[in-house]
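# Survey of secondary and tertiary structure
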Amino acid sequence: MNESTAVELTLESNEPRNISLFGYELIREFILPEILGKDTPEILYWAGKRLARNHPLNSLDEIIDFFSKASWGQLELKKERKDEIEFELTSPLIVSRVKSKAEHYFQIEAGFLAQQIELQKQVIAETFEHPVKKANKVLFTVKWDRKDTI
């Protein structure tokens with residue numbers, strides 16, 4: 001079994017898994033920014049897009065389910081218009097992240113959303129993140145121009 005198959009099988013499994021939140025946050029909030037430096041947000045956005053290309057999903061429900069399985073949080077569709085979609089992301093991890101003084105990014109999630117919408121709607125899409133500290137959540141706005149087809 002090659003590495004991509006192992007990842008694919010893990011993602012498809014419905015078995016409950018326990019992950020160390022400390023380990024997850026340590027990698028995400030300390031090690032990655034330390035390695036990536038000032039380019040951290042851009043590289044994480046690209047990584048999220050790449051992840052989405054490797055795991056294309058067919059519907060918004062599948063995207064929401066992926067966020068849950070990836071332990072990124074509870075993703076909820078808030079509004080959908082002809083040229084944009086707004087999502088809200090909540091989780092206990094986001095609460096601790098937005099309350100900390102450290103810089104934090106949700107660019108993996110933003111890139112992932114942009115690429116999934118791009119694949120589903122066949123248009124070039126871009127996602128903007130909007131952390132809302134007082135409400136302990138992150139809003140994402142995915143925008144596209146129907147003239148910019150892929």
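Residues numbered from 1 in each chain as written. Predicted model: local features only at pLDDT ≥ 70, side-chain atom pairs only at ≥ 80, totals over all residues. Heavy atoms only, no water.

## Details of the sheet that holds strand E1 (residues 74-80)
Within a sheet, adjacent strands bond to each other through the backbone by hydrogen bonds, running parallel or antiparallel. Here is the rule: The rule for pairing is simple: two strands pair if DSSP sees at least two bridges between them. Only runs of H or I of at least four residues qualify as helices and only runs of E of at least two qualify as strands under DSSP, and these elements are numbered from the N terminus. What counts as an axis is a line fitted to C-alpha atoms, over the stretch in contact for a helix, and the angles between N-to-C directions run from 0 to 180 degrees. By definition, residues are in contact when any of their heavy atoms lie within 4.5 Å.
Reading across from one edge, E1-E2-E4-E3 is the order of the four strands in this open sheet, with antiparallel pairing throughout. The open sheet is flanked by E1 and strand E3 (123-132), the only strands paired with a single partner. In this sheet, adjacent strand axes meet at a mean angle of 25° when their direction is disregarded. When E1 meets strand E2 (residues 84-90), the two strands line up antiparallel, connected through six bridges. Following the sheet pairing, Gln-74 is matched in E2 by Thr-90. Across the sheet, helix H6 (residues 107-121) touches E1, E2, E3 and strand E4 (137-149), and the angle it forms with E3 is around 150°.

## Some thoughts on the environment of Val-132
With respect to the element layout, Val-132 can be found in strand E3. Sequence-distant contacts of Val-132, that is, excluding residues within four places in its chain, are made with Lys-137 and Leu-139.

## What about the pattern of salt bridges?
Our working definition: When a carboxyl oxygen of Asp or Glu is within 4 Å of a side-chain nitrogen of Lys or Arg, the pair counts as a salt bridge. The classification of residues rests on relative accessible area computed with a 1.4 Å probe and restricted to protein chains. Under 20% of the type maximum is buried, over 50% is exposed, and intermediate values are partly exposed.
In this structure the tally under the stated criterion is 11 salt bridges. Here Lys-38 and Asp-39 are joined by a salt bridge, their closest N and O atoms 3.7 Å apart. With a relative accessible area of 74%, Lys-38 lands in the exposed category. In the salt-bridge network here, residues are joined through shared partners; they are Arg-81, Glu-84, Glu-86 and Lys-143.

## Points about the packing of aromatic side chains
Quick reminder of the rule: Stacked, tilted and edge-to-face pairs are distinguished by plane angle, under 30 degrees for stacked and over 60 for edge-to-face with tilted covering the rest, among Phe, Tyr and Trp rings (Trp via its six-membered ring) whose centres lie within 6.5 Å.
Considering all chains together, one arrives at five aromatic pairs under this definition. With a centroid separation of 4.5 Å and an interplanar angle of 20°, the aromatic rings of Phe-66 and Phe-112 are classed as stacked. Separated by 46 residues along the polypeptide, Phe-66 in helix H4 (residues 60-69) and Phe-112 in helix H6 bring together distant segments of the chain. Judged by centre distance (6.0 Å) and plane angle (70°), the rings of Phe-67 and Phe-112 are edge-to-face. Highlighted residues: Phe-67 in helix H4 and Phe-112 in helix H6, separated in sequence by 45 residues.

## Digging into the pairing of E2
With five of seven residues buried, E2 lies mostly within the body of the structure. Between E1 and E2, which pair antiparallel one after the other, the connecting turn spans three residues. Here six bridges tie E2 to E4, and the two strands are oriented antiparallel to one another. Looking at E4, one finds that Glu-88 is bridged to Leu-139.

## Topic: the nonpolar core
Spelled out, the test is: Put simply, a nonpolar core is a bunch of buried Ala, Val, Leu, Ile, Met, Phe, Trp, Tyr and Cys residues held in one set by side-chain atoms that sit within 4.5 Å of each other.
With 30 residues, the main nonpolar core has Ile-63, Phe-67, Phe-87, Phe-112, Leu-113, Ile-117 and Phe-140 as its most contacted residues. Among the secondary structure elements, those contributing two or more residues to this core are helix H3 (40-54), H4, E2, helix H5 (92-99), H6, E3 and E4. Sorting elements by how many residues they give to this core places H6 first, with six residues. Those residues in contact with Ile-117 that lie beyond four places of it in its chain are Leu-60, Ile-63, Ile-85, Gln-122, Ala-125, Val-142 and Trp-144.

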